[in-house]
2 protein chains.
Amino acid sequence: MQDMNSSKHAGHGLLPRPLRLEPRWGRLDLGGGLRIEYPPGAPPPVVELARRFQARFGRLLGTATEDAATLRLGTTTAAGTHPALGDDESYRLRITTTGAELDAATPWGAAHGLERCLQLLDGDGEGTFLTALLLEDAPRLPWRGVLLDLARHFLDLPTLLRTLDGLAAAGINVLHLHLNDDQGFRFESRRCPRLHELSGSGGYLRVEEVAELVAAATARGIRIVPELDVPGHAGAILHAHPELAAGPAPATLPRAFGPSRYALDPSLDATWGLLEAVLDDLVELFPDTYVHLGGDEVHPDVYAFEDARRRAWMAAAGLSDAAAVQAWFTRGVVAMLAQRNRRAVGWDEVLHPAMPAAMTVQAWRGAATLEAALAAGHDALYSAGWYLDLNYPARLHYRFDPAAPTAELAAAEATLATEPQLADVGDGILALQAAAAATARSVTAVAGRGALLGGEACLWSELVTQELLDARLYGRLAAVAERLWSDPVAADEASFERRLPGWLTHLERVTDCRPLTGDPAMLWRLGVEPYERLAVETLLEALEPVRWYKRLLGVGGLASRREGRPPQRPYDADTPLHRPVDLLPPDSPALWQLRTALFAVAADPEDVSAQVTLRDFAGRWRMLPVQLAALEQRSRHFAALADRIEQLADLADLLDELVDAVIAGETPGMALRQRFGELVRIATEAVAETELAALRPIGDWLESRS
Amino acid sequence: MQDMNSSKHAGHGLLPRPLRLEPRWGRLDLGGGLRIEYPPGAPPPVVELARRFQARFGRLLGTATEDAATLRLGTTTAAGTHPALGDDESYRLRITTTGAELDAATPWGAAHGLERCLQLLDGDGEGTFLTALLLEDAPRLPWRGVLLDLARHFLDLPTLLRTLDGLAAAGINVLHLHLNDDQGFRFESRRCPRLHELSGSGGYLRVEEVAELVAAATARGIRIVPELDVPGHAGAILHAHPELAAGPAPATLPRAFGPSRYALDPSLDATWGLLEAVLDDLVELFPDTYVHLGGDEVHPDVYAFEDARRRAWMAAAGLSDAAAVQAWFTRGVVAMLAQRNRRAVGWDEVLHPAMPAAMTVQAWRGAATLEAALAAGHDALYSAGWYLDLNYPARLHYRFDPAAPTAELAAAEATLATEPQLADVGDGILALQAAAAATARSVTAVAGRGALLGGEACLWSELVTQELLDARLYGRLAAVAERLWSDPVAADEASFERRLPGWLTHLERVTDCRPLTGDPAMLWRLGVEPYERLAVETLLEALEPVRWYKRLLGVGGLASRREGRPPQRPYDADTPLHRPVDLLPPDSPALWQLRTALFAVAADPEDVSAQVTLRDFAGRWRMLPVQLAALEQRSRHFAALADRIEQLADLADLLDELVDAVIAGETPGMALRQRFGELVRIATEAVAETELAALRPIGDWLESRS
């Protein structure tokens, strides 16, 4: 940990990495707190910004006293009422031994600078301070987003408000809200109240809640891009308005996950009437220039119309096939948005020769569609490597530079299929990339190439509830955020992994997000008594969830899907998500600590602190079978992990012997390696959708010593 | 823990203890969540109540599905716009295997019932449920309050909002805000803006923030009683308006704690002009019928006027001495409040033959003033035994029944002076009680005895900041809350102590209050790195702060005060509160667990779970010297605790040997007892204002075995 620390003290622990940081001599002492000053006559957003950050600094440093250090906000030129794509987000922060100055062209830039200042706050046990430095910073790409899916599981206003603080800390400036899908419709529609009244069960954002959310986002320089997903994924809309279905309409609000046949009928005037009304609602609620219209995963059979009326309609419109029908529909929505001064974004299935270049395309299936969209003149967003619902570790998401040449980006995507942790799902990964390539071939290049605006991390919420959000989001979002913010020359996976634990701790400290400690209600739902909490945390820290769609589809479902049969899915929208696996972050932060201590003790066998850390892990693992015996009796969820618990106790003995060997200056011998290999064999099989992740750092370390 | 658990399953873990609870057969399964229903045409407060609790249940149980159990809210008669003293707060909750029904006369009663329902939520590892029962409940006393002091250290709006949830969980229905004192003026005065502009440094509540606070309190059935402390404690007022001083006016905003000579001059018209304006502000902001006017600790010298003008004024007003001057002042403020349809409350120094009986008296110095106030016809509130800033353990506060006969209450107060944990401060405790008795003798009984309205726990904030609030407040507030809510027949200290840990865990689960885990920023300020967190928590759990005014005055200051000299105080309003002692709750919750395990293993030496708990404590204590070595190097705050850390490691050996002896069926021998006695001798001296509290459960246990 030492090197992370010392680099942190020089300001290099920042995440995302800034454009330019020059260390200076000395420190600004913050023993008396920090007072933010702004020029007389500063515009209201700056005054409000100062007030908000004054409170945040106060929470960390104590209330500012007469001896407080001063941070001076410089003049900002007026920005628009709301942040907009392309706004100047740069800032310049100068910290000296006598004070700090922050200059930015817009309040959004100033907000970034203040977030950085929070992250730079330092302490050494004797006092708190800011290391003197000059920081000149600006994001690399203007659209740095995250998609949250409110449809599969609702995220309520308090959850979204705390999330805005987490996003701001990551330099994310777009919150893309997926507001409807088969399973729910999530905003109050004044003009079509059946939508939220009949299909908002589980929760929807009321008009005044959206206003509060938009105001809070604006204060943080975050744009909210709403998504109305049409014409597919329309189960919730059709539950309220079955008369608009192109194919089947659901008898009840759909609970099943996965692609459906619920799609709007573009041949009906009533469909367009509803769209007019809902889009009027949407643009009243959300001020951003961009609206996402979905356009993904329309089942081709649904638009393969056979009936006479629709065939005649197709003929009259000059539409030859299902793809043309969908393109015609999408063009219609794009035009409706244009009438409302809004620009459209769509998922990469909207790519079609008939699509207007004014539409922005979000490439979710691979580098191929990204390149095709740009070549066809569309502005584009990259998401393919950044699906956070797949439970990849952060370092895999860090591989993708959306602005890299297509061949490089495609090559990076291809590495996923050969990644050891994804060995068992590589074929599925390749299939999706192939589908993207097929779509890409359907469009042709034009003269005016589109612009890469940035990208979005996507956290689809089939297995995410608001209680589970923080552990699922931030560890991996950090990787995407750095790729979108920072110069790719500085991209360094090892450095990123060193800075990540500190950043997550920072989030717990300065926001209400709890990526490390989680929601205290969750252990209660699992039946964990307070005196069992530490033992359960020790167990969970040693586990990670299975990857890709292996959780969502299940082992059987995965096999069916590979064989082209519809999978029997273990989850639907009503399945309670309160088993141990639900609580697991995809990267266990405790195991970073185990890994660090292992390599530290190997480098210096006399590193007593690292020894104690390892003994502590071993000691806590060894006690688990006794400490959790009663819980295993009470709870089938923990009974299902009984073998894991015994395996961890075995691993404790092995870890202790390993440390003994290192201290004795011996190389771990063949017998010990064989026992480890045996444990790996037993523990590799997924148990209750978990992997015994604690094996990995020990295995890596053994490998490094052979 | 088993008995606590099983009683919890029968609904008896409730805190405060309800009036009547009849267990019924079976459970209401909550696997699908809980849906709150209300009658058509329910008034807006009921609809809002249902919405708020629906979200809270959802956070614990997951979003309600089609299979959700139903909780039906019955009809409530209309209550006033705001809760008022004497409102019907009763409710009746019936839980059966098929659903739950809640009836209450007012929305405030319904809110209590819903809080209870949250507290009754249960889980056994297999699922969540409510045990079937009939609960008929109503509070014993109508004024169940807590004083928070915003003057010495400000508490901002987010802190106060989360606190409202904590108070509601305790059945507290009055939040008494101490809004001004020497060190600060804490609300925006539209009519006298100098007050908050010059004396609100450190923070004040803006007009719109007060509105938000009052609205949130109202929704929870909590009255907010504002206190304008006059004529003494007026340093902040006089900093803004030095022309109104009866004695000295401060040159700068006072930072020192302790009684001052800053008091308003009642002989000036300008004083009364200011009071008119500030009271107009106050009643605009706070709708409650009651306003607290302070009246405490006016230095007698200040009103011993010698100058001719004031002597003439006194003579004209017929005032003979300083006490008469103060009484005349207070009568004037009472009259001004009456003109504004407000009733006055004052601290027990307001007792004076000239005081109107319409004034409510808050007895803070002892049973004597409580009885004197009631006898003189005043309604009264009890606070003397409930000063939470004195760091007493909860069980001491639990001793005081404000409605008990005076002799009994006085006897209970007298026990404090002989309490072993307070042995070194007993004389100070007695001195304060004597002062109360002197005041009491100054008034005489009248025919119409006043009513005991209830009482208030008081948390003066010289050593409390908003980051530290939760650990200081809730453990002891629970004792006061139960005394105010529950039938004294059911009062049982042992039962209270058994229920308390579960209640604190409950608070962490259902509110944003963190009485057990604290604010993650605090360990950061102490320079604790994330990998040191568990070790630091292990250390802090074994410590408790010193008691009574020993922290605030310091050992030297305490001695000076005893000798009647002004103490040299170690703290003022700018002293940073971020040392280890600041983080300590006065009752360490972890030590309850140690105590339980010790007695469990003694009762059944084969109780493996209790053995492991004790081994776990010993194991963690033993590692501390190594784990914290680097931190001791970096931080003088931890260096100061180096001896404590070594003592804990010694105690680890002793605890292990104790457990060995019990398992072997042996009584702990004399040698072991001698070593323990030695450790007690070394560790009894306060170190960095902490006590080695871990000794106490072990000592108690050894004593029980001798």
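Please read all numbers here as calculations on a predicted model, not as lab measurements.

### Quick look at the nonpolar core
(1) Moving on: By size, the foremost hydrophobic cluster in this structure holds 179 residues, and its most contacted members are Leu 148 and Trp 621 of chain A.
(2) Moving on: Both of domain 2 (143–500) and domain 3 (519–704) of chain A provide at least three residues apiece to this core.
(3) Moving on: If near-sequence neighbours (up to four positions away) are discounted, Leu 148 of chain A is found in contact with Leu 155, Leu 160, Thr 163, Leu 175, His 176, Leu 177, His 178, Leu 459, Leu 469 and Leu 473 of chain A.
(4) Moving on: Counting residues in hydrophobic clusters, the runner-up holds 178 residues, among them Leu 160, Leu 205, Phe 617 and Ile 645 of chain B.

### Some words on the relation of the copies chain B and chain A
(1) Moving on: Of the two same-sequence chains, chain B is brought onto chain A (RMSD 0.1 Å, axial shift 0.0 Å) by a rotation of 180 degrees. Seen this way, the second copy is the image of the first under a two-fold rotation axis. Measuring from the rotation axis to each C-alpha of chain B, the shortest distance belongs to Gly 619 of chain B, at 4.3 Å.
(2) Moving on: The residues that chain B uses at the interface reappear at the interface of chain A in 100% of cases, marking a shared surface.

### Topic: helix α27 (residues 695–704) of chain A
(1) Moving on: Where α27 of chain A is concerned, the buried positions are Leu 695, Pro 697, Ile 698, Gly 699, Trp 701 and Leu 702 of chain A.
(2) Moving on: On its buried face, α27 of chain A is in contact with α21 (589–603), α22 (608–627), α25 (642–663) and α26 (670–684) of chain A.

### Some words on the sheet that holds strand β8 (residues 143–149) of chain B
(1) Moving on: One closed barrel accounts for 8 strands, arranged β8-β9-β12-β13-β14-β15-β16-β17 (chain B); its pairing is parallel. Recorded for the sheet is a direction-independent mean angle of 30 degrees between the axes of neighbouring strands.

### A closer look at the interface of chain B and chain A
(1) Moving on: Contacts between chain B and chain A engage 54 residues on the former and 54 residues on the latter.
(2) Moving on: Counting each side, the surface lost to burial between chain B and chain A is near 5,100 Å², with a carbon and sulfur contribution of 53%.
(3) Moving on: Together, Arg 59, Trp 524 and Tyr 531 of chain B form the three largest contributors to the area buried by chain B at its contact with chain A, with a combined 17%.
(4) Moving on: Across the pair Asp 156 of chain B and Arg 59 of chain A runs a salt bridge, and its minimum N-O distance is 2.8 Å.
(5) Moving on: Run the count over chain B and chain A and you get 14 residue pairs in polar contact (both at pLDDT 80 or more).
(6) Moving on: Of all the elements in the fold, those that place two or more residues in the side of chain B that touches chain A are α1 (2–9), α2 (44–61), β6 (122–123), α4 (157–170), α16 (493–510), α17 (520–525), α22 (608–627) and α24 (636–639) of chain B.
(7) Moving on: The element best represented in the side of chain B that touches chain A is α22 of chain B, accounting for 6 residues.

### Some remarks on the sheet that holds strand β17 (residues 452–459) of chain A
Residues and elements named next belong to chain A.
(1) Moving on: Read around the closed barrel, the 8 strands follow the order β8-β9-β12-β13-β14-β15-β16-β17; overall the barrel is parallel. Averaged over neighbouring strand pairs, the angle between their axes works out to 30 degrees when direction is ignored.
(2) Moving on: Pairing of strand β8 (residues 143–149) with β17 involves 6 bridges; the strand directions are parallel. Across the sheet, residue Trp 143 finds its bridge partner in β17, namely Gly 454.
(3) Moving on: Sheet strands touched by helix α8 (residues 269–285): β12 (223–230) and β13 (290–294). Its angle to β12, the strand with the most contacts, is close to 165 degrees.
(4) Moving on: Against the sheet, helix α10 (residues 322–339) engages β12, β13 and β14 (343–347), with an angle of about 160 degrees to β13.

### Some points on the side chain of Thr 505 of chain B
(1) Moving on: Locating Thr 505 of chain B in the fold gives a position in helix α16.
(2) Moving on: One polar contact links the side chain of Thr 505 of chain B to the main-chain carbonyl oxygen of Pro 501 of chain B, over a distance of 3.0 Å.
(3) Moving on: When neighbours within four sequence positions are excluded, Thr 505 of chain B is seen to be in contact with Pro 530 of chain A together with Leu 516 of chain B.

### With respect to the domain arrangement of chain A
All names here are of chain A.
(1) Moving on: The domain architecture assigned to chain A consists of domain 1 (2–137), domain 2 (143–500) and domain 3 (519–704).
(2) Moving on: Here the C-alpha centre of domain 3 lies 34 Å away from the C-alpha centre of domain 2.
(3) Moving on: Taken together, the contacts link 32 residues of domain 2 with 30 residues of domain 3.
(4) Moving on: Interface area for domain 2 against domain 3, summed over the two sides, is near 2,700 Å², with a carbon-plus-sulfur share of 58%.

### Re the environment of Glu 136 of chain A
Residue and element names in this part refer to chain A.
(1) Moving on: Within the fold, Glu 136 resides in strand β7 (residues 128–137).
(2) Moving on: Look at Glu 136 and you get partly exposed, because its relative accessible area is 21%.
(3) Moving on: For Glu 136 and Leu 319, which are 183 residues apart along the polypeptide, the C-alpha to C-alpha distance reads 53 Å.
(4) Moving on: When near neighbours in sequence (up to four residues on either side) are disregarded, Glu 136 contacts Leu 19, Arg 20, Tyr 91 and Arg 92.
(5) Moving on: There is a polar contact of 3.3 Å between the side chain of Glu 136 and the side chain of Arg 92.

Thresholds, definitions, all that
Residues numbered from 1 in each chain as written. Chains lettered and ligands numbered in written order. Predicted model: local features only at pLDDT ≥ 70, side-chain atom pairs only at ≥ 80, totals over all residues. Heavy atoms only, no water. Core = buried A, V, L, I, M, F, W, Y, C linked by side-chain atoms within 4.5 Å. Buried < 20%, exposed > 50% of the residue type's maximum accessible area, 1.4 Å probe, protein only. Domains from an automatic or database assignment. Contact = heavy atoms within 4.5 Å. Least-squares fit on C-alpha atoms with pLDDT ≥ 70 in both. Helix = DSSP H or I, 4+ residues; strand = E, 2+ residues; numbered from the N terminus. Pairing = 2+ DSSP bridges. Axes fitted to C-alpha atoms, helices over the stretch in contact; angles between N-to-C directions. Buried area = accessible area lost by both parts, 1.4 Å probe. Salt bridge = Lys/Arg side-chain N within 4 Å of Asp/Glu carboxyl O. Polar contact = N/O pair within 3.5 Å; in protein donor to acceptor, adjacent residues only side chain to side chain.

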